[in-house]
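# A look at the structure
Residues per chain, in single letters:
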Amino acid sequence: MKKTLFDKVWDSHVVKSIDQGPDVLFIDRHMVHEVTSPVAFLGLKNRKLPVLYPERTFATADHNTPTINQHLPVADPLSRNQLKALEENANEHGISYWGLGHQKNGIVHVVGPEYGITQPGATIVCGDSHTSTHGAFGAIAFGIGTSEVEMVLATQCIMQPKPKKMRITMNGSLNKGVTPKDVALFIISKLTTSGATGYFVEYAGEVFEDLSMEGRMTVCNLSIEMGARGGMIAPDKKTFDYIKDREFTPKGSDWTKAMKYWKTLHTDEGAAFDKEFTYDGAEIDPMITFGTNPGMGMSITKAIPSASDIEGGKTTYEKSLEYMGYKEGEHMVGKPIDYVFIGSCTNGRIEDFRAFASIVKGHKRAKNVTAWLVPGSHKVLNAIKDEGLLDVFEAAEFKLREPGCSACLAMNDDKIPAGKYAVSTSNRNFEGRQGPGSRTLLASPLVAAAAAITGKITDPRTLI
Amino acid sequence: MAYDSFNILTSTAVPLPIENVDTDQIIPARFLKATERKGFGDNLFRDWRYNQDDSPKTDFVLNNSTYSGKILVGGRNFGSGSSREHAAWAIYDYGFRCVVSSFFADIFRNNCLNIGVLPVQVSPEFLNQIFEVIEQDPDTTLTVDLLNQKITLGAAEASENFEINSYKKENLLNGYDDIDYLNNIKTQIKDFASNTPL
């Protein structure tokens, strides 16, 4: 039978199928962070269950950590307590723990690939919806709830019905100034935030083949924003080159054996998908969002659509624009902004900081802009220094912070104040996502950089 | 028994006719710092429910004493965004046992099922009818009958069948959860694991 990439990985991990019910799916690798795991560990304690395979779980602290003065005790007692709980739980159960200050610490979806925990053909879960990031390597990776975190700790399995399959094919090549973030925001603007709900997506075609691993991670990361559980890209030479010799990837004869299997991980010619979409990479411009969900995005050159041109609820649309302080028909370019955030599991990798540096080099930060530059991990932070990007940022009057999720979800002190506009390279522009009353404009690192030096929304192509 | 079992629920309902209600609205990230599952209901819809000075926003439905009940009725694509199970916990802790919508986000639906809150997906037409009827008469009840997979508006004013897979249905009817099931097949899981290298 002809199989898709998704079928091959899913089917090989089914321990048992329940008639008219879910599959029992074996999980190869599990990542935990401080926010969605404590209640799961508590559940284990109440049921008097051990962690079945502690060597398959990896813990890092990221959501709730400060991004300045990480060497000092965490000031917020609730955050401190949550971090302490993770450390204690990891130690008690023999789980690797990369806490605050650890050289391997960083955002869970940034460090997983960096250390080779993420591998082709694996099933990977984490109590975080952006676990879809790891699909860039040809893994089935998706976010789960805390009850499921407990299941994985206790039994290394979860129970879910097999999702339907969608393929998004994009051929052609991307224009100047168009990044993987724009590709993802473009697709979400076409499909809406629920267009892929119930599906697992495979990204195929020249555009995705041409992307770097970092770029593929950005695209797969945003799969959840169109409702999909996850997205994946067939592994190729770029994938294998990226993971080779990383700490947790197989070595020697195990590598050779793994490669033999990994090379079978592609969709068979003629395999069937439940839904297919095809786009041309050349039709994409730099994108920006104007509303309160990631589907409300458009080319940076366009005007905000009127409610009558939008499918679905007029009331919801108008509520959204009112929150943003925008009106139908207004152009985005030229609108003033207050904050710029570059970072997160979406755009917190070295390539993103290179892109940001390419625009700000030789310029100065606009006086009206507060900018937070937050690397996704210590590895990224070190690369920023080693490559001389820090010098570029400092010359342009930007400061670099320490790794963490930061203003993406504003659980720590990195909160955008009420009513202020932030051009953000993160993944969600929901009401209050970056702080109560904050207004988020999702965009690429290039658009963020252009906004940071001009103080307003600017088409980055005018600066390249 | 992992949670309360669910059989038939008859209750008035709270209408929230907004689409794409994301889990950041259901419970904002700054309220996710607990290490125990306690008190999340206090912060359910925090920023829609309270002003920044913590005074209630009078125009929000949870602050409107006209509406109450154990059933929350939301617009299309309810529960999108973050996987935080805290959203389902907050809904449960506030007192809801069932959420009705014409479309649910995937992870949120799963989370609800895993803690014993029943997500009931109805047609867009039926959802509109529910909103219209309960807005006209907030004392109208909805009856959700899990065994027969049927939701009825008022005194049989209208009804619709809903889908749920038979495994999850059985779990909810009995208050079992997946760990109960998985624990019983641990030998099979261990056999599988021994053939699956790390």
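Residues numbered from 1 in each chain as written. Chains lettered and ligands numbered in written order. Predicted model: local features only at pLDDT ≥ 70, side-chain atom pairs only at ≥ 80, totals over all residues. Heavy atoms only, no water.

## Details of the overall build of chain A
Counting its secondary structure elements, chain A contains 16 helices and 18 strands. In terms of overall dimensions, chain A is globule-like: its C-alpha atoms have a radius of gyration of 21 Å, near the 23 Å expected for 464 residues. Within chain A, the proportion of its 464 residues that are buried is 67%. Looking at chain A alone, contacts between residues at least 24 apart form 75% of all its contacts between residues at least 6 apart. Summed over all atoms, the accessible surface of chain A reaches about 15,600 Å², with 51% contributed by carbon and sulfur. (Helix = DSSP H or I, 4+ residues; strand = E, 2+ residues; numbered from the N terminus. Rg over C-alpha atoms; globule rule 2.2 N^0.38 Å. Buried < 20%, exposed > 50% of the residue type's maximum accessible area, 1.4 Å probe, protein only. Contact = heavy atoms within 4.5 Å. Areas by Shrake-Rupley, 256 points an atom, 1.4 Å probe, with all protein chains shown as cover.)

## As for the sheet that holds strand E6 (residues 123-126) of chain A
Residue and element names in this part refer to chain A. One open sheet accounts for five strands, arranged E5-E4-E3-E6-E7; its pairing is parallel. Single-partner strands in this sheet number two, and they are strand E5 (96-98) and strand E7 (140-143). Geometrically, the sheet is characterised by an average inter-axis angle of 20° between neighbouring strands, direction not taken into account. Bridge analysis of strand E4 (residues 57-60) against E5 gives three bridges, and the strand direction is parallel. Bridging across to E5, Phe 58 finds its partner in Ser 96. (Pairing = 2+ DSSP bridges. Axes fitted to C-alpha atoms, helices over the stretch in contact; angles between N-to-C directions.)

## A look at helix H13 (residues 350-360) of chain A
A large share of H13 of chain A lies buried, amounting to eight of its eleven residues. Directly beyond the C-terminal end of H13 of chain A, a positive phi value near 85° is found at Gly 362 of chain A.

## So, the interface of chain A and chain B
Listed by partner, the interface residues are 70 residues for chain A and 56 residues for chain B. Here chain A and chain B share an interface that buries about 5,200 Å² over both sides, 59% of which is from carbon and sulfur atoms. One salt bridge in this structure joins Arg 47 of chain A and Asp 177 of chain B, with 2.5 Å as the shortest N-O distance. At the boundary of chain A and chain B, one finds 24 residue pairs in polar contact (both at pLDDT 80 or more). When residues of the side of chain A that touches chain B are assigned to their parent elements, the largest contribution, seven residues, is made by helix H5 (residues 146-155) of chain A. A breakdown of the residues in the side of chain A that touches chain B according to their chemical character gives 27 nonpolar, 26 polar and 17 charged. (Buried area = accessible area lost by both parts, 1.4 Å probe. Salt bridge = Lys/Arg side-chain N within 4 Å of Asp/Glu carboxyl O. Polar contact = N/O pair within 3.5 Å; in protein donor to acceptor, adjacent residues only side chain to side chain. Nonpolar A, V, L, I, M, F, W, Y, C, P; charged D, E, K, R; others polar.)

## Structural notes on the environment of Ile 224 of chain A
Position of Ile 224 of chain A relative to the elements: it lies in the loop between helix H8 (213-221) and strand E11 (230-232). Considering only alpha carbons, one finds Ile 224 of chain A and Gly 435 of chain A, 211 residues apart in sequence, at a separation of 21 Å. Setting aside residues up to four positions removed in sequence, Ile 224 of chain A forms contacts with Ser 129, His 130, Ser 132 and Arg 428 of chain A together with Gly 81 and Ile 107 of chain B.

## Re the pairing of strand E15 (residues 339-342) of chain A
Residues and elements named next belong to chain A. Taking every second residue as pointing to the same face, both faces of E15 are buried, with Tyr 339 and Phe 341 on one and Val 340 and Ile 342 on the other. Taken together, the four bridges between E15 and strand E16 (residues 370-373) define a ladder with parallel strand orientation. Looking at the pairing, Val 340 lines up with Ala 371 of E16. Relative to strand E17 (residues 421-424), E15 runs parallel, the two sharing three bridges. Paired with Val 340 across the strands is Val 423, a residue of E17.

## Looking at the packing of aromatic side chains
All told, the structure shown has 27 aromatic pairs over all chains when counted by the stated rule. Seen from their ring centres, Phe 78 of chain B and Phe 104 of chain B are 6.5 Å apart, and the 80° between their planes marks the pair as edge-to-face. On the criterion of sequence distance, the pair formed by Phe 78 of chain B in the loop between strand E2 (71-74) and helix H3 (86-94) and Phe 104 of chain B in the loop between strand E3 (98-101) and helix H4 (106-115) is long-range, its members being 26 residues apart. Phe 104 of chain B gets classed as buried once you look at its relative accessible area, which sits at 1%. Taken together, Phe 6, Trp 10, Phe 142 and Phe 200 of chain A form an aromatic cluster joined through their ring pairs. Above the ring of Tyr 242 of chain A, the side-chain terminus of Arg 246 of chain A is found at 3.9 Å from the ring centroid. (Phe/Tyr/Trp six-rings, centres within 6.5 Å; stacked < 30°, edge-to-face > 60°. Lys NZ or Arg CZ within 6 Å of the ring centre and 35° of its normal.)

## Let's talk about the pattern of salt bridges
Residue and element names in this part refer to chain A. Overall, the coordinates contain 31 salt bridges over all chains when judged by the stated rule. One salt bridge in this structure joins Glu 318 and Lys 314, with 3.0 Å as the shortest N-O distance. Placement of the pair is Glu 318 and Lys 314 together in helix H11 (residues 314-324), with a separation of four residues, close to one helical turn. Judged by its relative accessible area of 33%, Glu 318 is partly exposed. For Arg 461, the salt bridge identified is with Asp 459, shortest N-O distance 2.8 Å.

## Some details on the packing of helix H2 (residues 38-47) of chain A against H5 of chain A
Residue and element names in this part refer to chain A. The N-to-C vectors of H2 and H5 enclose an angle of 55°; their axes lie 8 Å apart at closest approach. Between H2 and H5, the interaxial angle falls into the category oblique. In this structure, H2 meets H5 at a crossing whose hand is right-handed. In this structure, H2 contributes Val 39, Ala 40, Phe 41, Gly 43, Leu 44 and Arg 47 to the contact, and H5 contributes Thr 146, Val 149, Glu 150, Leu 153 and Ala 154. Tallied by class, the residues present in the contact of H2 with H5 amount to seven nonpolar, two polar and two charged. (Parallel < 35°, antiparallel > 145°, perpendicular 65-115°, else oblique. Left-handed = near helix turned anticlockwise from the far one by under 90°.)

## As for the sheet that holds E11 of chain A
Residue and element names in this part refer to chain A. The strand order across the open sheet built from four strands is E11-E10-E9-E12, with neighbouring strands paired in parallel fashion. The open sheet terminates on both sides in strands that have one partner only, identified here as E11 and strand E12 (275-280). In this sheet, adjacent strand axes meet at a mean angle of 20° when their direction is disregarded. In this sheet, E11 lies alongside strand E10 (residues 199-204) in parallel orientation, the contact comprising three bridges. Residue pairing for E11: Glu 202 is matched across the bridge by Met 232. Packed onto the sheet, helix H6 (residues 180-191) meets strand E9 (164-171), E10 and E12 and runs at close to 125° relative to E9.

## Quick look at unusual backbone geometry
A positive phi angle, near 55°, is found at Ala 410 of chain A, a position not held by glycine. Tracing the chain through its elements places Ala 410 of chain A in the loop between helix H15 (389-395) and E17. Under the relative-accessibility criterion, Ala 410 of chain A is labelled buried at 2%. Unusually for a residue other than glycine, Asn 77 of chain B sits at a positive phi of about 60°. Along the chain, Asn 77 of chain B falls in the loop between E2 and H3. Taking the relative accessible area as the measure of exposure, Asn 77 of chain B reaches 1% and is therefore buried.

## Let's talk about the environment of Glu 276 of chain A
All names here are of chain A. Relative to the helices and strands, Glu 276 is located in strand E12. As a C-alpha pair, Glu 276 and Trp 98 span 178 residues in sequence and 40 Å in three-dimensional space. Residues within four places of Glu 276 in sequence aside, it is in contact with Arg 167 and Thr 169. Side chain to side chain, Glu 276 and Arg 167 meet in a polar contact 2.9 Å long.

## Overview of the packing of H2 of chain A against helix H3 (residues 77-93) of chain A
Residues and elements named next belong to chain A. Where H2 meets H3, the closest approach of the two axes is 10 Å, and the angle between their N-to-C directions is 45°. Looking at the two axes, H2 sits oblique to H3. Crossing of H2 over H3 shows left-handed handedness. Between H2 and H3, the residues in contact are Pro 38, Phe 41 and Leu 44 and Gln 82, Asn 89 and His 93, respectively.

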